[in-house]
Amino acid sequence: MQILTSRSQLKAWRDEHRQIVLVPTMGNLHAGHAALIEHAKSKQCPVVVSIFVNPTQFDDPDDLARYPRTFDQDCDYLRSLGVDAVFAPDTDLLYPEGTEDSLRIDVGSIAHRFEGAIRPGHFSGVASVVARLFLLVKPDYAVFGEKDYQQCRVIERLVQALSLPVALEYVETVREKSGLALSSRNRFLSTKARNTAPVLYQILKRAAAQLRQQQPVEAVLAESQQRLEQVGFDVDYFTYVDADTLEPSHLPLAHGRILAAARLGSVRLLDNHPV
Ligand code: PAF
């Protein structure tokens, strides 16, 4: 496995291959990332995983500071998964103009609601770094996890709007046996919160079943939120949206999705479920 840290190393590696797959990450890798890599390998071309903790997508400096950085461990894990290359740029490579006053990409209203409303600027940071990665790495395919469902739709819009020549592929959320979606943030859950956290998925699954049975949307969402609050969650949103546009709906949809974000103590959990 090659570790590419400079523009010239990346270019030399890229030039050796006709087609490649990129899996963008911020490191601290777990089985959820392994599923993205397994999917990437199914494309039958070399796989490069980028590791970069992107400062412009953090609205809270403390959150950025405490984001786990586990580069050596991540490289061992990627080697064991048979990845061909790791792209580990420093901030100057990705943001030659600096991050303070950097060029940002705003993909529009789809990026301003839900996560975008709670973490202003978050998705312009994501769209900006993903565009920079795509332009540098020039992948034919890029793989993202459906756990960050809104992020997938934001990146889709970025690619469409700028006609970026990359095919996006999505991988279903990987869960613990309990149903809890894997996330780098789970390590911050207290023992008590760890026991409560799987309730989020249980309620999502139940709400999706109720919506499929044509139960009234508003009542299903209100009851779900109430149940979450009863077990100790602070709910940021629990909402039913069109799966493509992320427009909220109070009516049944042909292709809907429930999006949820809720806090247990200082840990925010994100999850979603198709309807
Ligand atoms: O999902 C992530 O890990 C990040 O948001 C991404 C896509 C790597 C951009 O920094």
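Located above this text is the structure these notes cover.
Residues numbered from 1 in each chain as written. Predicted model: local features only at pLDDT ≥ 70, side-chain atom pairs only at ≥ 80, totals over all residues. Heavy atoms only, no water.

Trainee: Explain the nonpolar core residue by residue, including any values.
Mentor: Formed by 44 residues in total, the largest nonpolar core has its most connected members in Val48, Phe87, Val130, Phe134, Val137, Phe144 and Ile155. Secondary structure elements with two or more residues in this core: α1 (7–15), β4 (85–87), α5 (91–94), α7 (122–137), β5 (141–145), α8 (149–161), β7 (234–242) and β8 (256–264). The element contributing the most residues to this core is α7, with 10 residues. Leaving out residues up to four positions away in the same chain, valine 137 has contacts with Leu10, Arg14, Ile20, Leu22, Val48 and Phe87. Within the second largest apolar cluster, 26 residues are counted, among which are Leu200, Leu211, Ile258 and Ala262. (Core = buried A, V, L, I, M, F, W, Y, C linked by side-chain atoms within 4.5 Å. Buried < 20%, exposed > 50% of the residue type's maximum accessible area, 1.4 Å probe, protein only. Helix = DSSP H or I, 4+ residues; strand = E, 2+ residues; numbered from the N terminus. Contact = heavy atoms within 4.5 Å.)

Trainee: I'd like a rundown of the sheet that holds β8, residues and numbers included.
Mentor: Taken together, three strands build an open sheet; the order of strands is β7-β8-β9 and the sheet is antiparallel. Among the strands making up the open sheet, the edge pair consists of β7 and β9 (267–274). Shown here is a sheet whose adjacent strand axes are inclined to one another by a mean of 10°, direction ignored. Across eight bridges, β7 lies against β8 in antiparallel orientation. By the bridge assignment for β8, tyrosine 237 is matched with alanine 261. (Pairing = 2+ DSSP bridges. Axes fitted to C-alpha atoms, helices over the stretch in contact; angles between N-to-C directions.)

Trainee: Can you tell me about the site of the ligand, naming the residues and giving the values?
Mentor: Surrounding the ligand, one finds Pro24, Thr25, Met26, Asn54, Gln57, Val129, Phe144 and Gln151. The contact in question runs from an oxygen atom of the ligand to an N or O atom on the side chain of glutamine 57, over 2.6 Å. Take glutamine 151: an N or O atom from its side chain is 2.7 Å from an oxygen atom of the ligand. Burial of the ligand by the protein chains amounts to 88% of its free accessible area of 290 Å². Per-class residue counts for the shell around the ligand are four nonpolar, four polar and no charged. (Near = heavy atom within 4 Å. Polar contact = N/O pair within 3.5 Å; in protein donor to acceptor, adjacent residues only side chain to side chain. Areas by Shrake-Rupley, 256 points an atom, 1.4 Å probe, with all protein chains shown as cover. Nonpolar A, V, L, I, M, F, W, Y, C, P; charged D, E, K, R; others polar.)

Trainee: With reference to specific residues and values, describe the packing of aromatic side chains.
Mentor: Inspection of the entire model under this criterion finds four aromatic pairs. Where phenylalanine 58 meets tyrosine 67, the ring centres are 5.8 Å apart and the plane angle is 75°; that geometry is what we call edge-to-face. A relative accessible area of 11% means that tyrosine 67 is categorised as buried. Between the aromatic rings of phenylalanine 134 and phenylalanine 144, the centroid separation amounts to 6.4 Å while the plane-to-plane angle is 70°, which identifies the pairing as edge-to-face. Of this pair, phenylalanine 134 sits in helix α7 while phenylalanine 144 sits in strand β5; the two residues are 10 residues apart in sequence, bridging distant segments of the chain. (Phe/Tyr/Trp six-rings, centres within 6.5 Å; stacked < 30°, edge-to-face > 60°.)

Trainee: Kindly report on the pairing of β9, identifying the contributing residues and their values.
Mentor: Across the eight residues that make up β9, a large majority, seven, are buried. As paired elements, β8 and β9 share eight bridges and run antiparallel to each other. Bridged to alanine 261 within β9 is leucine 270. The hairpin turn running from β8 into β9, its antiparallel successor, is two residues long, and glycine 265 in that turn takes a positive phi close to 60°.

Trainee: Help me get a handle on the pattern of salt bridges, residues and values and all.
Mentor: One pass over the structure, following the stated rule, counts 19 salt bridges. Among the salt bridges present, the one from arginine 14 reaches aspartate 140, with a minimum N-O distance of 3.2 Å. Taken together, the positions of arginine 14 in helix α1 and aspartate 140 in the loop between α7 and β5 put the pair 126 residues apart, joining distant regions of the chain. Assessed through its relative accessible area of 12%, arginine 14 is described here as buried. One salt bridge connects glutamate 146 with arginine 257, and the closest N-O pair in it is separated by 3.4 Å. One end of the pair, glutamate 146, is in the loop between β5 and α8; the other, arginine 257, is in strand β8, and 111 residues separate them in sequence. For the pair glutamate 146 and arginine 257, one class covers both residues: buried. Three or more residues are tied together by salt bridges with common partners; here these are Asp59, Glu115, Arg119, Asp236, Arg263 and Arg268. (Salt bridge = Lys/Arg side-chain N within 4 Å of Asp/Glu carboxyl O.)

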